[in-house]
Amino acid sequence: MQRTSFSRLLFLFFAIAATAQTPKKLTTSEIYHDLQKLNFVGSALYIAAHPDDENTRLISYLVNDVQANTAYLSITRGDGGQNLVGPELRELLGVIRTQELLAARRTDGAQQFFTRANDFGYSKNPDETFEFWNRNDVLSDVVQTIRKFKPDIVINRFDHRSPGSTHGHHTASAMLSVEAFDLVDNPSKFPRSAETYGVWKPQRLFFNTSWWFYGSKEKFDKADKSKLVSVETGNFFPSLGLSNGEIASLSRSMHKSQGFGSTGSRGAETEYLELLEGSKPSDNNLFEGINTNWSRLEGGKEIGAILNPLEENFNFKNPSEMLPQLLKVYPMVSNLKDAHWRNIKLEQLKQLILDCGGIFIEAASEENSVNPNENFKVNIEAINRGKEAIVLKSVKNSEAVPAGLPAGEGRQGKILWNESATLPFNEDKKLEITVNSGTHDPKYSSPYWLNDKGTVGMYVAPEALIGLPETPPLEQLVFELQFGNTTIPFTKNIIYKFNDPVKGEVYRPLEVLPEVTASIPEKVLIFASNAPENVSVIVRAGKDNISGNVSLQHPEGWKVEPAQQSFQLNRNGESKTFSFKVTPPNSQSEGYLKPLVNVEGQTFDKELITINYEHIPYQSVLLPSEAKVAKIDIQKKGQNIGYINGAGDAIPESLIQIGYSVSTIDPLTISEKNLQNFDAIVVGIRAYNTVPELAFVQPILNKYVENGGTMIVQYNTSQALVTENLAPYSLKLSHDRVTDEFSEVKMLAPENPLLNTPNKITQKDFEGWVQERGLYFPNEWAKEFTPILGMHDKSEAQTKGSLLVSKYGKGYYIYTGLSFFRELPAGVPGAYRLFANMLSVGK
C-alpha cells in the first residue's frame, strides 16, 4: 500500500486513542511515567469476548509496570447484557459499554479494539455462537487487528480447549485468537489486511489462566504449575502513588452498567499464564528474548542514546530541562524507517514535548454540534508556560484522514490562520477562526457500526473503520508550533465546552449531526382493537430556521391521516410534536411506522438519541426512526397494576400499551392497606438482587397474595439474593436458561388458566421471540407450584422452571424466568398475550 494511505490509517488509530472528554494535565511524576513508556519498544495484545472480560490487573501490569504498548481486543461491544445504570438495551447498551471500555483504558493506559461481532446474548457453546457470528469475518477482524497493532505477545483470557464449560462467546474468542495467531504471517490469508498493514508474527501466545478455570482456589493451589509462567502484578508505583491493584480496580469500576464496581487491592498478587505458542520464558519475563529497546529499530540506537539518560537522570523538579533533547530527537524519530513504530513513538514524543514545555493548545467550538458543510466559529487558545521560545506559526484543517474517508472537499490541509505569533511566557494567546465542517464519510458523528443494518450476530462497518472503538473525530485542527529551527504539527480535536454552575468547566465532543431528525416516542404500539389511535411524531431541528414537511410511512393495510404535515422551527434544538391518526387493519398484522422529513428536496429518516452519564463522554446516536406497530388479538382482565422496579426494564410502558393502568410502588411504602387496590403486582427483573427492602416486606407481599391478589416475579440471578424467601413456598433458582429463541416450547399444563384465559396460547405465540427464551430458571420448587412450559436448547435436557404458578390462599403467585423484559419492548405479540393471561389469572 502507498505510504500516504498507510500513514493515514495509522493516524486514525492515534486520533481514536487520544480521544477523551477532558484534557489531561500531567504531573511531573506522570511525565516521567510517559518517558518510561517512550523508551519501551514492545507491544502486548489481550483478547476476550466482552467488555468487562478483560483482566485489568494484567493489562495495567503490562502498561504501567512493563511499560509495554498494550491493547485489549474485545470481540463484541457487550450489546446483549443487562443495564444497571439506565433503560438502554441492545445497540444503545453497546454504545454505553463501548465508552465504558474506553474509560477503563484511559484509566489503565491501554488501547481498545473491537470486531464486527454483535453480542446477540448468551450462548452455551462456540458452535451456537458461530451460528450467529460470521466466523470468517470475525476471524478476519482479529487477524487485521494483530497485523495492525503488531503485538510481540498475545494473551487470551479464555481457554480454547473447553467448549461448553463457559459462555460460548468466551470459548469462541480464544478459538479465534489461536486460529489467527497461525494465520497472521501468511499473506495469502486475508490478503487485504496483509497488503494494508503487512504480515506479522507475534513471538508468544498465552492463556491467562486462574483458579476459576480449575473449579476452585483449593484445586488451583494443588495443581501442577511447572508449565505456567507467573508474574507479580501487585507492585506499587511510587511515581503514580498507586499500586497496580488499585489502578486495576479503578479501571474495572468503569463497567458501571454491569455493576462491576471494584475495591482496590494492595500487596502481592500473582497472575498465571500458560504458554500456547512460542518459547517459554525462563525468568517469567513475558518479553524475554524480545528486543524492546530503541536498538530494535534501524536508526533507533542513536535515539536511545539520547532518551535513555533522560529517564535515568529525570529532574522531577523541572522536567522542562529535557525539552531540548526531546526536540533534538524529533527529526530522528520522524525519519525512522519502521512506519509502525515511527507513528507510535512520534505521538508519544509530541505529547511529551507539550507536557514538558508546559504548552496548552485547544480548539473549542461555540456550538455543541454542526451540520455537514457548515461554517462555524472556533476559539483557539495557546499558552506557553515554559521557558522555551515558541512560535505559533499556523492553524489549518487536518490533512490526516483515513483512506476511504475523505476530508471535506477543498478543505484538506487548508490554512485557516498563519500570522506566526510568538508565545511569550505565560501569556494566553486567544483568537477566533471560522471553520467549514465539509462533508465526510461517515457523514455524521454517530457510532459507525450502527449506520447500516446488520444481522443478529454481525454489524456492518466501512473497511477503514473496522476494529476502531468509535467513530473518529470528524473535526480536527493542526497547530504548527516552531521551536527554534524545528516545526512540529500537533493535531487537536475540536471540542465543545461550557461552564456549568455546579460542575464548572464541562467538555463534550463536537458532533456533526443532521439538519433535522424525527422520532416516535413509543417504540412499540400495540393495537388491541380496530379503533384508531393518535401517534405522536416529534420533529427536532438540528439548525436554526428550518422548514419542511413530515409524513408517516406505514405497512400495507394500515391507514394514516393526514398524509403529511408542514413545520417551521426557528432554533437549533427546538422540537415540535405532530399527531397522526393511525388505523389498524381488521386482521392481526405487524410492521413499522417510519417518519420521513423532507427539507428542500432532501429526505431525513434518522432519530437522534442522546446518552448522558457522568462516567462516559456525552453520546449522540443516530438510529433509523421507526416504531413497531402490531394489531394483536388480545383480551385482558383486571386494570390496576402495581410495579416494583428492579434493575431496570420497560415492562410498565409495555403494559400501558395494552390498556393497563400501571403505578410504581416504592418498597419503603409497602403495607397491606396500600396494596389492596391493585389487581396484580409485578416485580421487575433482578429486584431480589438489587432492592434490599424486599427482604423486609416479603411477608406483606405474601399476605397480599393470600388475600386474593396476583403477584408476578420476573427473573433474578441465583447469587446475591437479598432474601432466599422470595415466594410463599420454597423455590430454588439455578443457572438454567434457554438461549435459543427459536427452541420448541412444550405445554406441560395445557388446561391451566395461564394458557387458556382470556387468551388461548398456542405454538404461534412463541414465534418471533428475540435473543432468548429465558434465564435463571428455578430447578427445584415446592409441590404447590405447577410448571407450565417445558423448553430446552439443542442436545440438552428439558427445563420446566421457566413459568411456575401456585395458588396461595385466595390468590396466585407466579415466578417466571421468561425474558418478557426483552420480548414486550420488542413488540412480540405472543409474549403480550401470555403476560395478559398471567395478569388476568383468578379474575
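See the structure printed just above.
Described in the following lines is the structure provided in the data block. Keep in mind that this is a model prediction, so the values were computed, not measured.

Calculation rules
- Residues numbered from 1 in each chain as written.
- Predicted model: local features only at pLDDT ≥ 70, side-chain atom pairs only at ≥ 80, totals over all residues.
- Heavy atoms only, no water.
- Axes fitted to C-alpha atoms, helices over the stretch in contact; angles between N-to-C directions.
- Helix = DSSP H or I, 4+ residues; strand = E, 2+ residues; numbered from the N terminus.
- Parallel < 35°, antiparallel > 145°, perpendicular 65-115°, else oblique.
- Left-handed = near helix turned anticlockwise from the far one by under 90°.
- Contact = heavy atoms within 4.5 Å.
- Buried < 20%, exposed > 50% of the residue type's maximum accessible area, 1.4 Å probe, protein only.
- Pairing = 2+ DSSP bridges.
- Lys, Arg positive; Asp, Glu negative; His and termini not counted.
- Salt bridge = Lys/Arg side-chain N within 4 Å of Asp/Glu carboxyl O.
- Polar contact = N/O pair within 3.5 Å; in protein donor to acceptor, adjacent residues only side chain to side chain.

**Some remarks on the packing of helix H4 (residues 90–108) against helix H10 (residues 244–252)**
Relative orientation and spacing of two packed helices are given, respectively, by the angle between their axes and the distance between those axes. Across the interface, H4 lies against H10 with an axial gap of 8 Å and an inter-helix angle of 160°. Viewed along their axes, H4 and H10 adopt a mutual orientation that is roughly antiparallel. With respect to the hand of their crossing, H4 and H10 are arranged in right-handed fashion. Taking contact as the criterion, the partners of Ala 104, Arg 105, Thr 107 and Asp 108 in H4 are, on H10, Ile 247, Leu 250 and Ser 251.

**Focus: H10**
Given 3.6 residues per turn, any residue in an α-helix points the same way as the ones three and four places further on. Of all nine residues in H10, seven are buried, a share of seventy percent or more. Asn 244, Gly 245, Glu 246, Ile 247, Ala 248, Ser 249 and Ser 251 are the residues of H10 that are buried. Check the buried side of H10 and you find it contacts helix H3 (56–65), H4, strand E7 (236–237) and strand E8 (242–243).

**So, unusual backbone geometry**
Peptide bonds are mostly trans, and most non-glycine residues show a negative phi. That bond from Glu 561 to Pro 562 is cis: its omega, -5°, falls within 30 degrees of zero. Examined against the element boundaries, Pro 562 turns out to sit in the loop between strand E26 (559–561) and strand E27 (564–569). Residues Thr 757 and Pro 758 are joined by a peptide bond in cis, for which omega reads -5°. On the secondary structure map, Pro 758 appears in the loop between strand E39 (745–747) and strand E40 (774–781). Despite not being glycine, Asn 545 shows a phi value in the positive range, around 55°. Structurally, Asn 545 is set in the loop between strand E24 (533–541) and strand E25 (546–553). Positive phi, normally seen in glycine, also occurs at Glu 600, with a value near 50°.

**Observations regarding the sheet that holds strand E16 (residues 429–436)**
Two pairing modes exist for strands in a sheet, parallel and antiparallel, and in both the strands are linked by backbone hydrogen bonds. In spatial order, the strands read E16-E12-E10-E19-E20; together these five strands make up an open sheet with mixed pairing. Two strands close off the open sheet at either side, each with one partner strand: E16 and strand E20 (504–509). Sheet twist, expressed as the average angle between the axes of neighbouring strands with direction ignored, equals 40°. Pairing of strand E10 (residues 359–365) with strand E12 (residues 375–384), which is carried by seven bridges, proceeds in the antiparallel orientation. Residue pairing for E12: Ile 361 is matched across the bridge by Ala 382.

**Describing the side chain of Asp 649**
In this structure, Asp 649 sits in the loop between strand E34 (640–644) and helix H14 (651–657). Buried within the structure, Asp 649 lacks any salt-bridge partner; Arg 686 is the closest side chain of opposite charge, at an N-O distance of 10 Å. Within the local environment of Asp 649, its side chain forms a polar contact with the backbone nitrogen of Ile 651, the two atoms lying 3.1 Å apart. Separated by 3.2 Å, the side chain of Asp 649 and the backbone nitrogen of Ile 685 make a polar contact.

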